[in-house]
Structures are given as C-alpha cells and as structure tokens.
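Spelled out, the chains give:
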Amino acid sequence: MRSPVAYRFVVGIVHTGVITFVLVCAIGGPLHAQTTVFAGANAQASPGGGTHSVLLIGGQYFVFFNDGTSVVYATSRDGVTFSAPMPASGAPANLSFSVARRGNTLGLVWAHADATGYSISYREATIAGASLSFGAPTLVATHATDTRGYLATLAYSAAGTPYIAAIEFGQTYVGPAGPGCGSTARYRPIHYVRQNGAWQMRGYCNNFDAVRDPNSIAIAPSGANMIIASALDANMSTAIVSDVVELAEPWHLVPAVDHVLAAQLSAAQSLTVATDVHLLYRDGAGAVSYARQDGTAFDLNAAALDVTVLNSLARNPALSRPATAAGCYVAAYTVDNTIRRRTFSGTIASLSVETTAYATATTPTNLSAELDAATAPALVWQEANAIKLGFAAGGGAVTLSATPATAPADGSATIAFSSTAFRDACATPIPAGSLVTVTTSVGTIADSDASTELEGTQVFANASGEISFSVRAPTTAGIAVVAAMPITGGTNTRTQAVFTDPLPQPGTCGDRVVDVAAGEQCDSGGVDTEACNADCQPPRCGDGHVNVAANEACEAGTLCDLTTCTYEYSVGGGCAGCGASGGHDALLSVTCASFAIARRRRRRLSRP
C-alpha cells in the first residue's frame, strides 16, 4: 500500500516597483512525513521493543536517544520542530537504555561498557509541567569482566517500585529450588528491584551460552506483580515476580520460537484485565506475533493465550496501549522500508487490517512506541544515523486550510484556518471540547486561549473533532507556518499562509490608478514626474508645489517668475536660487534685491 500523497506549498514574495507577486509552487510528498529529531555519526535510538523511548509530558514530546557521548533528550510541542539535545545520563549507553514514567517521576536506566568493565545506572527526574529536573544517578550494578545491563528495560510496579530487567553474565540463581538451574558461568535473565533505597538482584533458572541466545527482554506490571518476559533461542519464557520474591517461572510459553534479532519483544499491561500482559514478539518463522500472558498462571509449562500472527515478514515489534480501556492498542512493526500498524480494542479478537504508517528511505530499526497514548501514539525509530519520529494515526492525515491564502501585513487583517477531523488510533474523532495547541511562525493567534494552564494557545475541537481559529497579520511581510496538534498527542497538521506588503487601497493617490471620481487627474505613484505632481494633479506654475522634475525652481517670491516658476535674475550664478524658501540668509536676499532694483533703474534711464 502506498502512503497517501499531499501537496506542500513553497511560497515566495517578489517585489517590483509596481506590483507584489505571490509565487506558490506545489511540491508532492508523503503526508506528515517523518521528522528527523537528531542526526549524528554515532546517534543511536533505544533498542526498541519494550524500551518506549518517547513520552508525552505536559503537552510536549520527549524523545530519548544516545548521541554517542551520553543519553540525551530533545523536546517538541508539535512533533515537527525539536529542541537541541539536553543531557540525561552521565555516560554513553552503548549496551542499552530505557525510560519509564510513574506519575510525576520519570526514570532512566542505561548500561555502559568500556575497558574498566560493565555498569548499569539509574536516575530519576521530577516532572514539573513540561520540564524535567534530574537528580543524582545511582549505580545499580557493576562488574570488571562480567556483562551487566544488556538490553536493560525499565518499568514501574502498581505501587511505584522501579524494576529493571536485563540479560547478564555470571549471576546466581536466587529463585525457587528446582532442577537444571545450571552454572553461573553463563548468561541468564535477571531483574533488579529497589527496596528500602537499595537495589536487590534476582536471577532466573534458565542459562544461555551466549549473550545473544536470550536476545530480547521486556517487563510489565501484572496486577500487583510484574512479568519479566524473555525471547530465547528456542522459546519465549516469563517469570512472575513481586517486590520480595519470584512467584513462578512458567517457561515454554510459546514452544519452538526462534528469535534471531535483539529487542524483538514488547510488553504492556492490559487495561481490561489487570493481571494480563499483552506481548508482541518476533517468532522463529520470522513473523511478528501476539500473545497474552495470564499473570495468575503459575504452572511450570503454562501456555500463552490468543497467539496470533500479525505479519509473517515483519520485525522490530513495538506495542502501545491507549490511555483508557475504550481506546486502541497499536501494534507497530517494520516490513522492509515501511512501518506498518494494526490495532485491537481490549482483546486481539478485534484486530484491524494492516495499514502503512510510513514509507522510509532506508530500512528502519530500533522501533519503539509511546506506551500510553491518548490519541495516536508517537513512534521513534532509527534510519542509518538519524533518529526519526512519526505518528501511528488511525484516521488518515489531518489537513489545515487557510482562507484566504494571502492577506496584507497591516497588523489587523486575519486569515481563518480550519481542519479536518483529528482522530485517535481507532480512527474515532477526538471528543468535543478536546484542547488542540495552535502555533504560527508569523503573526499572532487571534483567538483567546482556551487554557491558561498550558503553554501556548489552545482551541477547542468541535463535535466532529475539527478546529477553527484565525491568525492576525504582522506588520512585516512574511510566510506563516501554522501548525496544530491535540494536547494529548497524535497526528499534527501544518500549512502555510502569506502576509504581503500592503498596497494602497483603490482610489488612493499613489496607487498608480487614476481615479477621476476621487478628483485625480494623474497618478505617478506618489512621486513628482514631469507630467504629474505627487498629489495626483498636473504640475502648474502657481499651484504652490515646486515640482523639480517639471523644471520648477520656485513658486513665490520677488525674484520668482510666476509664469515659468524659475528665478528671474541670475548673474554669474550669484543670485541663483535667491528667494527660495528657507536656506538663504537675509543679507544675501537684500543684496540680490538691491542689485535687481538697480538693473531696472538703468533700463529705464537707457530708454529713449
């Protein structure tokens, strides 16, 4: 399926001496093309899957990534223009990193390896509006030679306790007694839980020969407990744990599953059955599949439920859940150079048909999704060394229209904007009264702000999920980029409008149009010419206006010839300009006048 095509407009303003032209060129392109959050030689997105590296906080998107030096984050209000990266960790996350949110607390975990050994660290930030205030990091685990924190994934329990799941080497098994727990000199899934301010580690019975045998891991709440899911070389397994004990290891949930790539597993707690966990994973046949884990099933060989193949050629699965049980879960994944999506409400039985969210220039990797999305979830992925963001919208693209498309930049004219419906992941229009943030790069939003508690200007959506508002003109010509996005996130929309240099109103002297009804006899555009004064009247000696272009030098005075409006006397240049108003001293004027009177007397005496 090809992605829909829209037209974006490149607008230029060309000024001539007479007319201002507005040039509009339509350029075809994919609707709501993915935005580049950051690009750099060593940029890395999170491993994807269950790491959920994008969050909506205070109406603003926060995207976390590794810039090659440390974990950083960039923010955006419209999902299009992002801030410069801001620091989050104190070291590169060259093994992995993950973020999670619990109320006003944001947690970050990252794993680092260098010549001195391996370490895994945790740091919390306090959320205040749309800003983060990070506290000091804590060291969760470290070892000089043994791997720590491979594919580390963070989640909070229902009680707000942070859990970190990872794959590590050389950890002991501390769960229930059982056969076949194997040597510590191997890799095994583990989890850390913070108790009384200290981190406690628990390892599981299964052992693996290489770090990439158990090459995916995810963690999600299951009622009052947690489920640690591991995608292994032969099957997918889970462990059910609480703050104090490992409750069960129901291995072999999905037999004969071969996961060939890292981070091919994502998990999210059900909103309808609190003890259920939805799992999205890549199976041994190379397909992305869905399974449901019952968190109350403690049997050793308990089977996963509702196993469903979503796409037989997909990889990089990422799962997003809605903000309420009435919304849609979004299963996103990649197929070649596309990002696909399918949705379900409550149970997999309501699975939708597959649609293409984005076509990409190169193969996307490290796909992760916004975990809790009120509207359409944001997706973050990597293409080569670029970190990209887009939205898994369910109702098609939103368009924003401007009426008229141009207006004078006179400080008072307005352009009206209206949108098609904003829709959630289920393709349902957002509810009436939903707040939508609107911005403009030129001019000002003319509507009153619907919410003084949020940054920027918000307007209400109507019963159809549409918005309308106006932009007031600036006093300087320019191209306005106008954007809108629901404060609960989802697909943004933007368009352009042009504010031009204001031209004089028709019938105004100076518009180069002779308006006889207004008393104009000519119109030279507000300047003197040989045939027209700047006041739109023909030049006339004695009209009180000195038109230099019409060879006038004066309009009054003793020395001014009122027939030609030039100075009557000029001998050797000495009296040139005499009588011109302002600019000559009185003595010179008197001298010139005396000279003129003497000439007249000599003329009379010389007459016969």
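Residues numbered from 1 in each chain as written. Predicted model: local features only at pLDDT ≥ 70, side-chain atom pairs only at ≥ 80, totals over all residues. Heavy atoms only, no water.

(A) Quick look at the overall build of the protein. Helix and strand counts for the protein stand at one helix and 43 strands. In the protein, which comprises 608 residues, the share counted as buried stands at 48%. Within the protein, contacts between residues separated by at least 24 positions form 50% of all contacts whose residues are at least 6 apart in sequence. Accessible surface, the protein: about 25,900 Å² in total, of which carbon and sulfur atoms supply 54%. (Helix = DSSP H or I, 4+ residues; strand = E, 2+ residues; numbered from the N terminus. Buried < 20%, exposed > 50% of the residue type's maximum accessible area, 1.4 Å probe, protein only. Contact = heavy atoms within 4.5 Å. Areas by Shrake-Rupley, 256 points an atom, 1.4 Å probe, with all protein chains shown as cover.)

(B) Region of the structure containing the sheet that holds strand β28 (residues 355–359). Sheet architecture is open: five strands sit in the order β28-β27-β26-β25-β30, paired in mixed fashion. Strands with a single pairing partner mark the edges of an open sheet, and in this sheet they are β28 and β30 (372–373). Of the pairings in the sheet, the one linking strand β25 (residues 315–322) to β30 comprises two bridges and is parallel in character. By the bridge assignment for β30, Arg 321 is matched with Asp 372. (Pairing = 2+ DSSP bridges.)

(C) Molecular detail of the pattern of salt bridges. Per the counting criterion, the structure on display carries seven salt bridges. A salt bridge links Arg 194 to Glu 124; the shortest N-O distance between them is 2.8 Å. Placement of Arg 194 in strand β15 (residues 187–195) and of Glu 124 in strand β10 (residues 117–128) is noted, with a sequence separation of 70 residues between them. For Glu 124, a relative accessible area of 26% gives the class partly exposed. Across the pair Arg 148 and Glu 168 runs a salt bridge whose closest N-O atoms are separated by 3.7 Å. (Salt bridge = Lys/Arg side-chain N within 4 Å of Asp/Glu carboxyl O.)

(D) Structural view of the sheet that holds strand β38 (residues 457–460). An order of β34-β41-β40-β36-β38 is seen for the five strands of this open sheet, with the pairing classed as mixed. One side of each edge strand has no neighbouring strand; the edge strands of this open sheet are β34 (406–408) and β38. The average undirected angle you get between the axes of adjacent strands in this sheet is 30 degrees. Sheet topology places strand β40 (residues 478–486) next to strand β41 (residues 493–500); seven bridges connect them, and they run antiparallel. Bridged to Val 482 within β41 is Thr 495. (Axes fitted to C-alpha atoms, helices over the stretch in contact; angles between N-to-C directions.)

(E) Summary view of the environment of Ala 349. Tracing the chain through its elements places Ala 349 in the loop between β27 (338–344) and β28. A relative accessible area of 75% means that Ala 349 is categorised as exposed. Placed 41 residues apart in sequence, Ala 349 and Thr 308 show a C-alpha to C-alpha distance of 9.4 Å.

(F) Highlighting a nonpolar patch on the surface. A cluster of nonpolar side chains, contributed by Val 244, Val 245, Leu 247 and Phe 298, occupies part of the molecular surface with about 330 Å² of accessible area. Within the secondary structure, Val 245 is located in the loop between β19 (236–241) and β20 (246–248). (Patch = residues over 30% accessible without salt bridge, like charges linked within 9 Å, V, L, I, M, F, W, Y side chains within 5 Å.)

(G) Highlighting the nonpolar core. Formed by 30 residues in total, the largest nonpolar core has its most connected members in Val 37, Val 63, Leu 379, Ile 387 and Leu 389. Those elements that place two or more of their residues in this core are β4 (54–57), β5 (60–66), β6 (71–76), β26 (329–335), β28, β29 (365–369), β31 (378–383) and β32 (386–391). Residues within four places of Ile 387 in sequence aside, it is in contact with Thr 35, Thr 36, Val 37, Phe 38, Ala 43, Gln 44, Ala 45, Val 63, Phe 65, Val 380, Trp 381 and Gln 382. Residues Ala 413, Ile 415, Phe 417 and Phe 499 belong to the second largest nonpolar core, which totals 24 residues. (Core = buried A, V, L, I, M, F, W, Y, C linked by side-chain atoms within 4.5 Å.)

(H) Layout of the state of the cysteines. According to the stated counting rule, one finds five disulfides in the structure shown. In this model Cys 509 forms its disulfide with Cys 536; the gap between the sulfur atoms is 2.0 Å. Its S-S torsion of about 105 degrees marks the bond between Cys 509 and Cys 536 as right-handed, since a negative value means left-handed. Of this pair, Cys 509 sits in the loop between β41 and β42 (560–561) while Cys 536 sits in the loop between β41 and β42, placing them 27 residues apart in sequence. In this model Cys 554 forms its disulfide with Cys 560; the gap between the sulfur atoms is 2.2 Å. Here Cys 554 and Cys 560 share a disulfide; its torsion about the S-S bond, 90 degrees, makes the bridge right-handed. (Disulfide = S-S within 2.5 Å.)

(I) Representation of the packing of aromatic side chains. Inspection of every chain in the model, using the stated rule, returns 11 aromatic pairs. On the numbers, 5.4 Å between centres and 65 degrees between planes, the contact of Tyr 290 with Phe 344 is edge-to-face. Linking Tyr 290 in strand β23 (residues 288–294) with Phe 344 in strand β27, this pair joins segments that are 54 residues apart in sequence. The same class applies to Tyr 290 as to Phe 344, namely buried. With a centroid separation of 5.6 Å and an interplanar angle of 40 degrees, the aromatic rings of Tyr 358 and Trp 381 are classed as tilted. (Phe/Tyr/Trp six-rings, centres within 6.5 Å; stacked < 30°, edge-to-face > 60°.)

(J) Summary view of the pairing of β31. Extensive coverage of β31 is indicated by the burial of six of its six residues. With burial as the criterion, each face of β31 is covered, one bearing Ala 378, Val 380 and Gln 382 and the other bearing Leu 379, Trp 381 and Glu 383. Looking at chain direction, β29 and β31 are connected through three bridges and run antiparallel. Looking at β31, one finds that Ser 368 is bridged to Val 380. Here β31 folds back onto β32 in antiparallel fashion, the turn holding two residues, of which Ala 384 has a positive phi close to 55 degrees.

(K) Molecular detail of unusual backbone geometry. Look at the link from Thr 403 to Pro 404: it is a cis peptide, with omega at -10 degrees. Summarising the element assignment, Pro 404 is placed in the loop between β33 (400–403) and β34. Phi is positive for Asp 306, which is not a glycine, with a value near 55 degrees. Within the secondary structure layout, Asp 306 lies in strand β24 (residues 305–311). Of note, the phi angle at Cys 536 is positive, near 70 degrees, even though the residue is not glycine. Overall, Cys 536 belongs to the buried group, its relative accessible area being 0%.

(L) Quick look at the environment of Thr 428. Mapped onto the elements, Thr 428 comes out in the loop between β35 (414–419) and β36 (435–440). Remark: the alpha-carbon pair of Thr 428 and Gly 465, spanning 37 residues in sequence, is separated by 8.7 Å. Once residues within four sequence positions are removed from consideration, Thr 428 is found in contact with Phe 422 and Arg 423.

(M) Structural context of the side chain of Arg 341. Its place among the elements puts Arg 341 in strand β27. No salt bridge is formed by the buried Arg 341; its nearest oppositely charged neighbour, Asp 424, is found at 7.6 Å. Side-chain polar atoms of Arg 341 contact the backbone oxygen of Ala 392, separated by 3.4 Å. If sequence neighbours within four positions are ignored, Arg 341 has contacts with Val 330, Ala 331, Ala 332, Val 353, Glu 354, Thr 355, Ala 357, Ala 392, Ala 393, Gly 394 and Ala 425. (Lys, Arg positive; Asp, Glu negative; His and termini not counted. Polar contact = N/O pair within 3.5 Å; in protein donor to acceptor, adjacent residues only side chain to side chain.)

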